[in-house]
Amino acid sequence: MSRIAPRIAAIAPSATLAVDAKAKALQAAGEPVIGFGAGEPDFPTPPHIVEAAAEAVRDPRNHRYTPAAGLPELREAIATKTLRDSGVEVAASQVVVTNGGKHAVYNTTLALVGDGDEVLLPAPYWTTYPEPIRLAGGTPVVIPTTAEAGFRVTVEQLEAARTPRTKALIFVSPSNPTGAVYPRDEIEAIGHWALEHGIWVITDEIYEHLVYGGHEHHSILRLVPELADTCVILNGVAKTYAMTGWRVGWMIAPADVTAAATNLQSHSTSNVANVSQRAALAAVAGDLEAVAEMRETFDRRRLHIWKALSAIEGVVCPEPEGAFYAFPDLQGLLGRRIGTATPQTTLELADVVLEQAKVAFVPGEAFGAPGYGRFSFALGDDDLGEGIRRVADLVAGS
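A brief look at the structure comes next. (Residues numbered from 1 in each chain as written. Predicted model: local features only at pLDDT ≥ 70, side-chain atom pairs only at ≥ 80, totals over all residues. Heavy atoms only, no water.)

### Thoughts on the pairing of strand E3 (residues 118–123)
In step 1: Burial analysis of E3 places six of its six residues in the buried class, which makes it a mostly covered element.
In step 2: Of the two faces of E3, the one carrying Glu118, Leu120 and Pro122 and the one carrying Val119, Leu121 and Ala123 are both buried.
In step 3: Sheet analysis places E3 next to strand E4 (residues 139–144), joined by six bridges and oriented parallel. Following the sheet pairing, Glu118 is matched in E4 by Thr139.
In step 4: A crossover links E3 with its parallel partner E4, the connecting element being helix H6 (residues 130–135), and its sense is right-handed.
In step 5: Sheet analysis places E3 next to strand E5 (residues 166–172), joined by three bridges and oriented parallel. Paired with Glu118 across the bridge in E5 is Thr166. (Buried < 20%, exposed > 50% of the residue type's maximum accessible area, 1.4 Å probe, protein only. Helix = DSSP H or I, 4+ residues; strand = E, 2+ residues; numbered from the N terminus. Pairing = 2+ DSSP bridges. Right-handed = clockwise from strand over helix to strand, strands pointing away.)

Right, here's the structure in full:
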């Protein structure tokens, strides 16, 4: 008899966190590692949010349990923010505040997916998405996309993958890891296709404010409001407000799904830490001035990393349209001498680059896209420039 339950034993480790942990361990050992691995803004949380948290610590109300689904005033503020930023009108009662965006993914998946259900998952995908699907007894149905198609799935691909067991589609724009942003007409087409076939849409909008170069974010529920009864919006404060460590996300769903997710959360984590919820309240109820400043910096960095990666022989890098990731095609580096090794896969290439150039990136295998790599540009300008220069020198010296 196995000591570990089979469904838990089958969960793959988070590749992004593993790369980040390995880089930080080398840094702690004195190695000059530059990490492009973690999807984490390098900015501090804006001061007014930190101050709201400091005040919350001193308030005895925050020293006690609060409702499992979240502070009523935060749920109301999230509903207001969703209308302001996405043009989608929802009730506060539809919001469940979760322990970060990953918790929202898990709550939603476990509330919707049962044994034998299939969930359509366009690739490249965020490394976490397949795991809760399998944990719930479902099957992730991976649909590959290509750089030539802008890493965007088509209705024709979705229809080809649809079966009587298809329960949901995970839809993400802007995308982690590719930075792809779907245009309005393609989102509408996908929304109407899902509506026609009674398929749930789980839409992750956590990068909604990080779009560049004339691209725009559109919430699928705004464009196809008829999806209201079969759509769940996932979001959080981590990326927009540089609050990854505060662990506050949320899901917005129809009433029965909200009730089920709240019931689940009441038996797992109960309420999110109240101090973090108070900080999140200050974030979502405030203006977007700090967000605009961060986006301007990210925009400059994305152009820098795109041009620098594209200049490396054997690397083909699409221009990032959103989020804060470049997702270059590294197949031109495979099977050739890189430093003192000859990597055959991007998994091997990532190890070679980390060991010999002291640069960490996440190989595409983690995202269902072997041959590619994810480079976050949410790091300081000096580190960004030095890190890509090291990779270029390693390749050029091969």
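### Topic: the sheet that holds strand E12 (residues 373–376)
In step 1: In space, the three strands of this open sheet follow the order E9-E12-E11, with antiparallel pairing throughout. In this open sheet, the two edge strands, each paired with only one partner strand, are strand E9 (325–326) and strand E11 (362–363).
In step 2: Both E9 and E12 contribute to a ladder of two bridges, which runs antiparallel. Looking at the pairing, Tyr325 lines up with Ser376 of E12.

### Some thoughts on helix H13 (residues 346–357)
In step 1: Buried residues of H13: Thr346, Leu349, Ala350, Val352, Val353, Leu354 and Ala357, and no others.
In step 2: In this structure, the buried side of H13 is in contact with helix H2 (15–28), strand E10 (359–360), E11 and helix H14 (381–396).
In step 3: Lys358 sits one or two residues past H13 and shows a positive phi near 60°. (Contact = heavy atoms within 4.5 Å.)

### As for H2
In step 1: If you check H2, its first and last C-alpha atoms are 20 Å apart, about what 14 residues at 1.5 Å a residue would give, namely 20 Å.
In step 2: Every buried residue of H2 is accounted for by Thr16, Val19, Asp20 and Ala23. Down the axis, H2 shows its buried residues gathered within 95° of arc, on one side only.
In step 3: Each element contacted by the buried residues of H2 is listed here: E10, E11 and E12. (Expected span 1.5 Å × (residues − 1). Arc of directions from axis to C-beta.)

### Some thoughts on the pattern of salt bridges
In step 1: One pass over the full model with this rule turns up 21 salt bridges.
In step 2: The shortest N-O distance in the salt bridge between Asp299 and Arg302 comes to 2.6 Å. With Asp299 and Arg302 both in helix H12 (residues 289–310), this residue pair falls three residues apart, about one helical turn.
In step 3: Put simply, Arg389 and Glu386 hold a salt bridge, and the shortest N to O gap is 2.6 Å. Residue Arg389 and its partner Glu386 are located together in helix H14, separated by three residues, close to a single helical turn.
In step 4: Residue Glu386 is classed as partly exposed on the basis of its relative accessible area, which comes to 26%.
In step 5: Bridged by salt links that share partners, the residues Asp42, Arg300, Arg301 and Asp381 form one connected network. (Salt bridge = Lys/Arg side-chain N within 4 Å of Asp/Glu carboxyl O.)

### Examining the packing of aromatic side chains
In step 1: Evaluated as defined, the whole model comprises 15 aromatic pairs.
In step 2: Ring centres 5.6 Å apart and planes at 80° place the aromatic pair Phe151 and Tyr372 in the edge-to-face group. With a gap of 221 residues between them, Phe151 in the loop between E4 and helix H7 (155–161) and Tyr372 in the loop between E11 and E12 connect regions that are remote in the sequence. For the pair Phe151 and Tyr372, one class covers both residues: buried.
In step 3: Pairwise contacts between aromatic rings join Phe43, Tyr207, Tyr212, Phe298, Phe324, Tyr325 and Phe377 into one cluster. (Phe/Tyr/Trp six-rings, centres within 6.5 Å; stacked < 30°, edge-to-face > 60°.)

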